[in-house]
Amino acid sequence: MRVDVDGRDVFVHTAQDGATAGPAVVLVHGAGNDHTVWRYQTRLLAGMGLRAMAVDLPGHGRSDGPAWRTVPELAGWLGRLLDAVDAPAATVVGHSMGSFIAMAAAAADPTRVTRIGLVGTAERMGVHPALQTAADACDDAAIDMVVGWSHTGASRFGGHRQAGVWTAGQTRRLLERNRGVLGADLAACGAYEPPLDALQRLRPDAIVISGERDRMTPARGAARVAEVLGARHLVVPGGSHVSLYDHPDAVNAGLVPWLRGVRDG
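Quick caveat, the model's predicted, so the values are computed rather than measured. (Residues numbered from 1 in each chain as written. Predicted model: local features only at pLDDT ≥ 70, side-chain atom pairs only at ≥ 80, totals over all residues. Heavy atoms only, no water.)

Trainee: Help me out: how do you make sense of the overall build of the chain in this one?
Mentor: Scanning the chain from N- to C-terminus turns up 11 helices and 8 strands. For a compact globule of 265 residues, the expected C-alpha radius of gyration is about 18 Å, and the chain comes in at 17 Å, within 12% of that figure. For the chain, the spread of C-alpha atoms along the principal axes amounts to about 45 × 40 × 40 Å. Counting across all 265 residues of the chain, residues that qualify as buried make up 57%. For the chain, long-range pairs separated by at least 24 residues make up 74% of all intrachain contacts whose partners lie at least 6 apart in sequence. Carbon and sulfur atoms provide 50% of the accessible area of the chain, an area that totals close to 10600 Å². Charged side chains in the chain number 26 positive and 27 negative. The centres of these two groups are separated by 5 Å. (Helix = DSSP H or I, 4+ residues; strand = E, 2+ residues; numbered from the N terminus. Rg over C-alpha atoms; globule rule 2.2 N^0.38 Å. Buried < 20%, exposed > 50% of the residue type's maximum accessible area, 1.4 Å probe, protein only. Contact = heavy atoms within 4.5 Å. Areas by Shrake-Rupley, 256 points an atom, 1.4 Å probe, with all protein chains shown as cover. Lys, Arg positive; Asp, Glu negative; His and termini not counted. Charge placed at Lys NZ, Arg CZ, Asp CG, Glu CD.)

Have a look at this one:
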């Protein structure tokens, strides 16, 4: 569906008919990505009776720009999106930059963002200067670096559960489509420090999911976030930074039981 936020058109993939039914779960993508990264989660969650909504952030995918340049701005925008889709309260599941947005939104309005799922997260996300420079210049070298660091093991060459699927190639095409916003996204990640002290006080219901071989947000950094939140930390064996579609069965095995609690209660 399409909704109006701040006078701009925003695309939200709902994965089901009757988009107003069930508890709201908003899926937020990472830097240079769009709603399609959640392709192995949206229909599954809708089938559980949840109101699953995978959003394209401003300037990404099918949503109008421009892109916001800081995580707090994106968290504020997310709150206005919840108004637009008539969701007084929601669970927010974020990947990478999206996990920062989820944490920022939960700290800013804990009565609105009541639960957070953090996939490929860390207590800080430093950005290599060469990557930032290339991304700011819309240079293909930035895409090469992100693809190389995001995919590990068999996923670099294929090796997916579905025959003929090459996720590294899909990531490359996705970044090529969104190359104009990658620099802003990376700068937002690099400048942001998650509000761990506030979240430690609030202790929102949370789950943290990491890839064992994640080189963008290593599991050891995510472990600190899980400790602060008092959350379960699932480490996907052999998983990469994009385990949500490289190793979707393992990620879903963690998300589904946690989200059943959202559905039931």
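Trainee: What is the right way to look at the nonpolar core in this model?
Mentor: The nonpolar side chains of a soluble globular protein tend to be buried with one another. If you look at the biggest cluster of nonpolar residues, it comprises 47 residues, and the most contacted ones within it are Leu78, Leu81 and Ile116. Those residues within four positions of Leu81 in sequence are excluded, and the remaining contacts are Val3, Val5, Val10, Val12 and Val55. Core analysis: the second largest hydrophobic core is formed by 26 residues, Val93, Leu244, Val251 and Leu259 among them. (Core = buried A, V, L, I, M, F, W, Y, C linked by side-chain atoms within 4.5 Å.)

Trainee: Would you mind going over the environment of Thr114 with me for this structure?
Mentor: Here Thr114 shows up in strand 6 (residues 113-119). Spatially, the C-alpha atom of Thr114 lies 25 Å from that of Val242, the residues being 128 residues apart in sequence. In contact with Thr114, not counting residues within four places along its chain, are Ala89, Ala90, Pro204 and Asp205.

Trainee: Looking at this structure, how should I read helix 9 (residues 219-229)?
Mentor: The α-helix advances 3.6 residues per turn, and as a result positions three or four apart in sequence lie on the same side. Of the positions making up helix 9, those classed as buried are Ala219, Gly221, Ala222, Val225, Ala226, Val228 and Leu229. Buried residues along helix 9 sit in contact with helix 3 (97-108), strand 6, helix 8 (196-202), strand 7 (205-211) and strand 8 (232-236). One or two positions beyond helix 9, positive phi appears at Gly230, with a value near 65°.

Trainee: When you look at the pairing of strand 4 (residues 51-55) in this model, what are you seeing that I'm missing?
Mentor: Looking down a regular strand, the side chains alternate between one sheet face and the other. The element strand 4 is largely enclosed, with a buried count of 5 among its 5 residues. Residue alternation in strand 4 divides its side chains into two sets, Arg51, Met53 and Val55 and Ala52 and Ala54, and both sets are buried. Pairing geometry for strand 2 (residues 8-13) and strand 4, over 2 bridges, is antiparallel. Residue pairing for strand 4: Val12 is matched across the bridge by Val55. The pairing of strand 3 (residues 24-28) with strand 4 spans 5 bridges and is parallel. (Pairing = 2+ DSSP bridges.)

Trainee: Teacher, can you tell me more about the packing of helix 2 (residues 71-84) against helix 3 here?
Mentor: A pair of packed helices is characterised by two quantities: the angle between their axes and the separation of those axes. For the pair helix 2 and helix 3, interaxial distance at closest approach is 8 Å and the crossing angle is 70°. What the angle tells us is that helix 2 and helix 3 run roughly perpendicular. Crossing of helix 2 over helix 3 shows right-handed handedness. Along its contact with helix 2, which presents Val71, Leu74, Ala75 and Leu78, the element helix 3 presents Met97, Phe100, Ile101, Ala104 and Ala105. Split into classes, the residues belonging to the contact of helix 2 with helix 3 amount to 9 nonpolar, no polar and no charged. (Axes fitted to C-alpha atoms, helices over the stretch in contact; angles between N-to-C directions. Parallel < 35°, antiparallel > 145°, perpendicular 65-115°, else oblique. Left-handed = near helix turned anticlockwise from the far one by under 90°. Nonpolar A, V, L, I, M, F, W, Y, C, P; charged D, E, K, R; others polar.)

Trainee: So what exactly am I meant to see when it comes to helix 7 (residues 179-191) here?
Mentor: When we look at burial in helix 7, the residues that qualify are Val181, Leu182, Gly183, Ala184, Asp185, Leu186, Ala188 and Cys189. At its buried positions, helix 7 is contacted by helix 2, helix 3, helix 4 (129-136), helix 5 (140-150) and helix 6 (167-177).

Trainee: What exactly am I supposed to notice about the pattern of salt bridges here?
Mentor: Evaluation of the coordinates by the stated rule reveals 9 salt bridges. Across the pair Arg80 and Asp6 runs a salt bridge whose closest N-O atoms are separated by 2.8 Å. Separated by 74 residues along the polypeptide, Arg80 in helix 2 and Asp6 in the loop between strand 1 (2-5) and strand 2 bring together distant segments of the chain. Arg173 is the partner of Glu176 in a salt bridge, and the nearest nitrogen-oxygen pair spans 3.4 Å. Separated by 3 residues within a single helix, Glu176 and Arg173 lie in helix 6, roughly one turn from each other. For Glu176, a relative accessible area of 28% corresponds to the partly exposed category. (Salt bridge = Lys/Arg side-chain N within 4 Å of Asp/Glu carboxyl O.)

Trainee: Please explain the packing of aromatic side chains as it appears in this structure.
Mentor: The description of an aromatic ring pair uses the distance of the two centres, along with the angle that the planes make with each other. Tallied over the full model, the rule gives 1 aromatic pair. Lying over the aromatic face of Tyr245, Arg39 brings its terminal NZ or CZ to 4.6 Å of the ring centre. Cation over ring: Arg62 sits above Phe11, and NZ or CZ is 4.6 Å from the ring centre. (Phe/Tyr/Trp six-rings, centres within 6.5 Å; stacked < 30°, edge-to-face > 60°. Lys NZ or Arg CZ within 6 Å of the ring centre and 35° of its normal.)

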